[in-house]
Amino acid sequence: MIRPKQSGSLLLAGVLLPLLVLAMHPTGHDLAHDTQGRMLAVNRLVHGIAIACLPLLLAGLAGFCAWLRWSLAATLAFATYCIATACNLVAATMSGFVVPRLLSGGQPDAASMRLLHYTHDINQAFALLAVVATGVAFVAWGWALRSRGPRKTWLAALAALVGVVLACTTTLGLLRLDARGILVATALQATWLLPLALVLRGTADPE
């Protein structure tokens, strides 16, 4: 079984690493005018690290659910977050590895441009689903945290607040999931995941 302190460490790594590299996320304009291929390499690196952090987050949150004794709300939250993780994997693969392949041959022709637009649409659809599913999962985890007593009320309320903001701003189109929007969404998630990680790291491991 994953111990709380181990879960907290996994969450810290899974949250902080993407935040550090997403600041380097190239825009579509950067990629389109990348004559030397440097931005394409940066794009692969950024999305590769983001994908590598997905299992860290998933494992850390599985440990969090074990700390919650896999209550109904915690289990539903984890199942929903698994959907978000799968969507993030598809979105990051499209943006990080399919797009660079289409642009690697130089100036794209008409057929490549159609594929680029199609890839972008797939990326945006899965990114939207990922953020909304993450928001729903956060709300469910906030509900599950009520079982940990009044001392964790603030953490439960923060989870619910961040979850509602993520789901609503994305669904209503207030948060565009371009390079900057993804950074904002990731930072919003970190406002709950980082305190959660610190709480878990400060929790005594069961005997």
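Definitions and cut-offs
- Residues numbered from 1 in each chain as written.
- Predicted model: local features only at pLDDT ≥ 70, side-chain atom pairs only at ≥ 80, totals over all residues.
- Heavy atoms only, no water.
- Helix = DSSP H or I, 4+ residues; strand = E, 2+ residues; numbered from the N terminus.
- Rg over C-alpha atoms; globule rule 2.2 N^0.38 Å.
- Buried < 20%, exposed > 50% of the residue type's maximum accessible area, 1.4 Å probe, protein only.
- Contact = heavy atoms within 4.5 Å.
- Areas by Shrake-Rupley, 256 points an atom, 1.4 Å probe, with all protein chains shown as cover.
- pLDDT = per-residue confidence, 0-100.
- Phe/Tyr/Trp six-rings, centres within 6.5 Å; stacked < 30°, edge-to-face > 60°.

### Let's talk about the overall build of the chain
Looking only at helices and strands, the chain has seven helices and zero strands in total. Order of helices (α) and strands (β) in the chain, N terminus to C terminus: α-α-α-α-α-α-α. In terms of overall size, the chain behaves like a compact globule, its C-alpha atoms giving a radius of gyration of 18 Å where 207 residues would be expected to give roughly 17 Å. Each principal axis of the C-alpha distribution contributes one length, and for the chain these read about 60 × 35 × 20 Å. Out of the 207 residues in the chain, the part that is buried amounts to 44%. Within the chain, contacts between residues at least 6 apart in sequence are counted, and of these 79% link residues at least 24 apart. Accessible surface, the chain as shown: approximately 10,700 Å² in total, 67% of it carbon and sulfur.

### A word on the confidence of the model for the chain
On average, residues of the chain score 89 in pLDDT, and 90% of them are at 70 or above. Looking at the elements of the chain, mean pLDDT is at its lowest for helix α2 (residues 28–32), recorded as 59, and at its highest for helix α6 (residues 153–171), recorded as 96.

### Some remarks on the packing of aromatic side chains
Taken as a whole and judged by the stated rule, the model has eight aromatic pairs. An angle of 55° between the planes, with centres 6.0 Å apart, marks the rings of Phe64 and Trp141 as tilted. Of this pair, Phe64 sits in helix α3 (residues 38–67) while Trp141 sits in helix α5 (residues 110–144), placing them 77 residues apart in sequence. With respect to burial, Phe64 and Trp141 carry one shared label: buried. Ring geometry for Phe64 against Trp192: centres 5.9 Å apart, planes inclined by 70°, an arrangement best described as edge-to-face. On the criterion of sequence distance, the pair formed by Phe64 in helix α3 and Trp192 in helix α7 (residues 179–201) is long-range, its members being 128 residues apart. What makes Phe64 buried here is its relative accessible area of 0%.

### Brief notes about the side chain of Thr85
Position of Thr85 among the secondary structure elements: in helix α4 (residues 72–103). Its relative accessible area of 11% is what places Thr85 among the buried residues. With residues up to four places along the chain from it excluded, the contact list for Thr85 reads Leu54 and Leu58.

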